[in-house]
Amino acid sequence: MTLLDSVSVDPRAGRPIPDAATRETIGYAPVHSSAYLDEAIAAARRAQPTWDAIGHVERSRILNDIADDIRANADELAVILSREQGKPLDGPNARFEVAAAELWTRNAADTRLEPEIVFESEDGRAEVHYGALGVVAAIGPWNWPMMITVWQIAPSLRMGNTVIVKPSEYTPLSVLALLAIYNRHLPSGVLTSVVGDREIGAALAAHSGLDKIMFTGSTDTGRRIIEGSAHNLARLTLELGGNDAGIVLPGADLSQLIEGIFWGSFLNSGQTCANLKRLYVHESLYDEAVAELATLATEVAMGNGLQPGNLLGPLQNQRQFDTVSALVEDARARGARVVAGGTPAPELGPLFYRATIVADVDDDARLVTEEQFGPVLPVLRYSNIDDAIIRANNTEQGLGASVWGPDIDEAKTVAQRLDAGTVWINQHGTLNPLVPFGGLKASGYGQEFGVQGLKAVGAPKVISH
Ligand code: NAD
C-alpha cells in the first residue's frame, strides 16, 4: 500500500483533497469530531509521563531513526507534497522540503540543552533546568506543511512532551504521511493528529488539556489563538504573517544579486512567510532592477510540479488565488506599471498565476500594505536611505527583512534599523536549524530552532541551594 493510500480514508467518511495543479481528487482526509479531540488529548496525557521518563538519549535515538526513515521515503513524500501543495519536485521545492523535514528532525535529536548556572557565589547557587511541559498542540499552515510540522513537533517530542497535530485543512494528507513515518517509531499516544477545519483548530487551542500551542499561520488566526488560550493558559509560540521588505543600496552589483532577490521573493510561488514581499531599490539602480526582475519572471519555468524542470507551481487554493488577483488589480487601478505577468495562466491549470513584477506602485496600494502570499513582487523607488527605512518599517508585520549592497558594514547599519526578527544581507529567507527564527510586532512571538527552540517547548525550573 502506498503512503498516500495508507493515510487517505474511505470517501464516505472523508473530505476530498484536490491536486493543487489539476484539481483532481488525490485522496480523502478524515473529519474529526470534538469527541475525537477529547480522546486524543486524554491519550496524549496518559502517554506523556512514560515518554518523558525514557529520557533524552533514547528520544534522540528515536528521532534520528525517524530522520533516516524520512530519507528512505523521501521520493514518495515529495510526490504527495507536490501534488497536494502544488510546489514542484525540482528546485527549492518539494524534494527540498522533505530534506528539510529530515534535517530539522535530526537537529532536534542532536541539539543539547544543558542546565544553566545563572547565579553562583560563596552563599549559594541557582540553576535553570528544562523539563517537559506536557501536551503540545501543533497547528500549522498549508505553505510548507511538512517542514513546519517538523519545526513544531520534533523539538516538542525531544523535550519529552506528547503532541497533537492539527494540519491545515488544505494540506492534511502531506502532514498525515509525515506523521505516519514518525509513528512507525513512537509509542502509541505520543504523536496524534486531529484533522478538520478551523473549528476543530479553535477547539484544540482552547482545550483544557493543553500546556503549549505551537502555532504557525496568519496574524488574524494568531489573535484568535491568544483568545482561545485564555481558557487554558497554554504557553504560545506564534509564527505569524510577514510582509518582508528588501532594500537595495546604491552600488549593489545586480548582476550578482538579482537571482537571489528573485528567489527570495518567488520561492514556493511567493507562498512563504519570510519571502521578500516589497523591494525598495535606490533610484540609481531602479530601472535596471525592474528590467532584470521582469526578465527572470518571464523566463522562469512554471507548471505542474511533477513535470521535471518546473520551478514554480500554482497558488495552493482558490482563496489565495483570489487574493493575489485582487491585489494586482488594485495596483493596476492605481496606475502601477505591470512589467511582467499580471494575469492568470489558465492554460497551465485553474490556479496558476504568472510570475509578476509591478513597478511604480503607491506605498498605500494593498499590494504593498498587505501580505500578497503569491508570485507578485512590487518594486518601489527611493532616493534617501532614511526614507527607505521608514517605509520598510511602516507595517504591523516584523518577520524578516533584507539589505542588498556591496559594503557589509553599511548593510549591517541599515539592518540594525529594520524592525524584523531576522535581517538577511545579500540573501533573503535562508534558514538554518541552529539559528533562532521568529518574528517581531504582529509577526508573532517566541523563537524556533536550535537551543532556543528546545527552550520554547521546555518547562524551566529553577533549583537553588
Ligand atoms: P491560517 O491562519 O488561515 O491557518 C493556519 C492554521 O490555523 C490552519 O490549520 C487552520 O485550520 C487553523 N485555524 C484557523 N482558525 C483557527 C482558530 N480560530 N483557532 C485555531 N486554529 C485555527 O493560515 P494559512 O492561510 O494556513 O497560512 C498562511 C499564513 O501563515 C500566512 O500569513 C503566512 O505568512 C503565515 N506563515 C507564517 C510562518 C512563520 O514562520 N512566521 C510560516 C508559514 C506561514
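Rules of the game
- Residues numbered from 1 in each chain as written.
- Predicted model: local features only at pLDDT ≥ 70, side-chain atom pairs only at ≥ 80, totals over all residues.
- Heavy atoms only, no water.
- Near = heavy atom within 4 Å.
- Polar contact = N/O pair within 3.5 Å; in protein donor to acceptor, adjacent residues only side chain to side chain.
- Areas by Shrake-Rupley, 256 points an atom, 1.4 Å probe, with all protein chains shown as cover.
- Helix = DSSP H or I, 4+ residues; strand = E, 2+ residues; numbered from the N terminus.
- Nonpolar A, V, L, I, M, F, W, Y, C, P; charged D, E, K, R; others polar.
- Domains from an automatic or database assignment.
- Pairing = 2+ DSSP bridges.
- Axes fitted to C-alpha atoms, helices over the stretch in contact; angles between N-to-C directions.
- Expected span 1.5 Å × (residues − 1).
- Bend = angle between axes of the 7 residues up to and from the residue.
- Buried < 20%, exposed > 50% of the residue type's maximum accessible area, 1.4 Å probe, protein only.
- Salt bridge = Lys/Arg side-chain N within 4 Å of Asp/Glu carboxyl O.
- Core = buried A, V, L, I, M, F, W, Y, C linked by side-chain atoms within 4.5 Å.
- Contact = heavy atoms within 4.5 Å.

Asks: Which residues make up the site of the ligand, and what values do they have?
Replies: The environment of the ligand is formed by 30 residues, the closest being Glu169, Arg198, Ser218, Thr221 and Glu371. The contact in question runs from an oxygen atom of the ligand to an N or O atom on the side chain of Ser218, over 2.7 Å. A distance of 2.7 Å separates an oxygen atom of the ligand from a polar atom in the side chain of Thr221. Burial of the ligand by the protein amounts to 96% of the accessible area it has alone, namely 850 Å². At the level of secondary structure, the elements contributing two or more residues to the shell around the ligand comprise helix H8 (198–205), strand E8 (212–216) and helix H9 (219–232). Its residues placed into classes, the shell around the ligand shows 13 nonpolar, 10 polar and 7 charged. A domain split of the shell around the ligand shows at least three residues from each of domain 1 (3–240 + 443–464) and domain 2 (244–425).

Asks: Pulling in residues and values, what's your account of the sheet that holds strand E19 (residues 444–445)?
Replies: A sheet is described by the order of its strands in space; here 6 strands give the open sequence E7-E6-E5-E8-E9-E19, paired in mixed fashion. Looking at strand neighbours, the two that pair on one side only are strand E7 (191–193) and E19, the edges of this open sheet. Pairing analysis gives 3 bridges linking strand E6 (residues 162–166) to E7, with the strands arranged parallel. Counterpart to Val163 in the pairing with E7 is Leu191.

Asks: Kindly report on the sheet that holds strand E4 (residues 124–132), identifying the contributing residues and their values.
Replies: Spatially, the 3 strands line up as an open sheet ordered E3-E4-E20, and their pairing is antiparallel. The sheet terminates laterally at strand E3 (116–121) and strand E20 (458–464), the two strands that pair on one side only. On average, each strand axis in the sheet is tilted by 20° relative to the strand beside it, whichever way the strands run. Examined bridge by bridge, E4 and E20 share 7 bridges and lie antiparallel to one another. Its bridge partner lying in E20, Val128 is registered against Val462.

Asks: Describe helix H2 (residues 34–53), and please don't skip the residues or the numbers.
Replies: Here H2 is 20 residues long and its end C-alpha atoms lie 29 Å apart, about the 28 Å a rise of 1.5 Å per residue gives. The axis of H2 is deflected most strongly, by about 35°, at Ala47, and proline Pro49 appears within four residues downstream. Taken together, the buried positions of H2 are occupied by Leu37, Ala40, Ile41, Ala43, Ala44, Ala47, Gln48 and Trp51. Two residues or fewer after H2 comes Gly55, characterised by a positive phi angle close to 90°.

Asks: Break down the pairing of E3 for me, citing the residues and quoting the values.
Replies: With 5 bridges joining them, E3 and E4 adopt antiparallel strand pairing. Across the sheet, the residue bridging to Phe119 is Ala126, located in E4.

Asks: Lay out the pattern of salt bridges in plain terms, naming residues and giving numbers.
Replies: According to the stated counting rule, one finds 33 salt bridges in the structure shown. For Arg61, the salt bridge identified is with Glu58, shortest N-O distance 2.7 Å. Taken together, the residues span about one helical turn, with Arg61 and Glu58 both in helix H3 (residues 55–72) at a distance of 3 residues. As a salt-bridge pair, Lys87 and Glu97 come within 2.5 Å of each other at their nearest N and O atoms. Within this pair, whereas Lys87 is found in the loop between helix H4 (74–85) and helix H5 (94–110), its partner Glu97 is found in helix H5, the two being separated by 10 residues in sequence. Among the charged side chains, a network of salt bridges with common partners joins Asp68, Arg71, Glu102 and Arg106.

Asks: If you had to explain the nonpolar core to someone new, which residues and values would you point to?
Replies: In terms of nonpolar packing, the biggest core is built from 63 residues, with Tyr182 and Leu186 touching the most fellow members. Shared between two domains, this core holds at least three residues of each, these being domain 1 (3–240 + 443–464) and domain 2 (244–425). Leave out the neighbours within four places in its chain, and Leu186 touches Trp51, Ile62, Ile66, Leu157 and Leu191.

Asks: Hey, could you go over unusual backbone geometry for me, with residue numbers and the actual values?
Replies: A positive phi angle, near 50°, is found at Ser269, a position not held by glycine. The topology assignment puts Ser269 in the loop between helix H10 (254–266) and strand E11 (276–282). The exposure class of Ser269 is buried, given its relative accessible area of 2%. Of note in this structure, Lys441 is not a glycine but carries a positive phi near 50°. Mapped onto the secondary structure, Lys441 falls in strand E18 (residues 440–441). Given a relative accessible area of 39%, Lys441 falls into the partly exposed group.

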